Amino acid sequence: MSRTPTALVLGLAAAGALSVASVTATAAPSPLAGSTTVTPAGHSFKATLSGKATLKAGSVTVTCTVSVSTGTVPAAPGNQNPSGPVSSPISPPTYSSCTSSVWGVTPTVTTSGSWSVSMQDGSPITATMTVPAGGLVVQTSGLATCTVTAAPSAPANVAGTWANGAPPSLTFTNASVPVTVTGGFGCPTSATSSVFNAVYKVTDTTDPAQQITVGP
């Protein structure tokens, strides 16, 4: 696990019953997830940030230009799921070359714990990165001394999408994760969530001539 400067965030909705006067309507159950296969089975991969990653909590935005995470596609038959996503453990993303939107404030982040990413085939292909409880901590120094803890009390899911290609990409757009913020003057202590944006390019490190692919 890595400890470096950083930034970083999904939710599922469920239908219930609604009663109006004496009429009760029950929502139809959500459709079952389709099958998912990730190939090549057993291959290792590296996700490298393309452009910049931003994490915004309250009025403070942290921007990083370097980020990397690694993982491995499950070996067969674990790389296939007939009725849902395929999950892989990954290393906590490392982040460097980070700056703050607040002048005179320098961000430093620690990442730790058991992270994972799951892929679900569909249109679009969805990706969920799971941040363990307390697995991402942003600390600032300088004119404002703040501590931002992501997923403070329980693991949090970061919503993203996957696009097959050469190389494939993993994108997080305005993904949200719960946070707590502590500190003094200049710290966004009222913030309870943060917004994460980033695009990663994914390469097959076992065989660079191949591409990590998500399908049915």
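Residues numbered from 1 in each chain as written. Predicted model: local features only at pLDDT ≥ 70, side-chain atom pairs only at ≥ 80, totals over all residues. Heavy atoms only, no water.

Describing the sheet that holds strand 18 (residues 213-215)
Then step 1. Read from one edge to the other, the open sheet built from three strands follows the order 7-3-18, with strand pairing classed as antiparallel. Edge positions in the sheet fall to strand 7 (80-81) and strand 18, since each of these pairs with one other strand and no more.
Then step 2. Sheet topology places strand 3 (residues 36-39) next to strand 18; three bridges connect them, and they run antiparallel. Bridge pairing in strand 18 places T37 opposite G215. (Pairing = 2+ DSSP bridges. Helix = DSSP H or I, 4+ residues; strand = E, 2+ residues; numbered from the N terminus.)

Some remarks on the packing of aromatic side chains
Then step 1. Counted by the stated rule, this structure contains two aromatic pairs.
Then step 2. Their ring planes at 45° and their centres at 5.6 Å tell us that F172 and F196 sit as a pair that is tilted. Of this pair, F172 sits in strand 16 (residues 169-183) while F196 sits in strand 17 (residues 193-204), and the two are 24 residues apart along the sequence. You'll find F172 and F196 in the same group, each marked buried.
Then step 3. With 6.5 Å between their ring centres and 85° between their planes, F172 and Y200 make a pair best called edge-to-face. One end of the pair, F172, is in strand 16; the other, Y200, is in strand 17, with 28 residues separating them in the sequence.
Then step 4. Y200 gets classed as buried once you look at its relative accessible area, which sits at 4%.
Then step 5. Taken together, the ring pairs in this structure connect F172, F196 and Y200 into an aromatic cluster. (Phe/Tyr/Trp six-rings, centres within 6.5 Å; stacked < 30°, edge-to-face > 60°. Buried < 20%, exposed > 50% of the residue type's maximum accessible area, 1.4 Å probe, protein only.)

So, the pairing of strand 11 (residues 115-120)
Then step 1. Summarising burial for strand 11: six of the six residues are buried, a large majority.
Then step 2. Of the two faces of strand 11, both are covered, the one formed by W115, V117 and M119 as well as the one formed by S116, S118 and Q120.
Then step 3. In this structure, strand 8 (residues 86-90) lies alongside strand 11, joined through five bridges in antiparallel fashion. Counted as the bridge partner of P89 is S116 from strand 11.
Then step 4. Where strand 11 lies against strand 12 (residues 125-131), five bridges are found, and the strand directions are antiparallel. What sits directly across from Q120, in strand 12, is T126.

Quick word on the side chain of T36
Then step 1. Among the secondary structure elements, T36 is positioned in strand 3.
Then step 2. Classification of T36 by relative accessible area gives buried; the value is 0%.
Then step 3. Polar side-chain contacts of T36 include one of 3.2 Å to the side chain of Q120.
Then step 4. Not counting residues within four places of it along the chain, the set of residues in contact with T36 comprises N79, Q80, N81, G84, P85, V86, M119, Q120, D121, V214, G215 and P216. (Polar contact = N/O pair within 3.5 Å; in protein donor to acceptor, adjacent residues only side chain to side chain. Contact = heavy atoms within 4.5 Å.)

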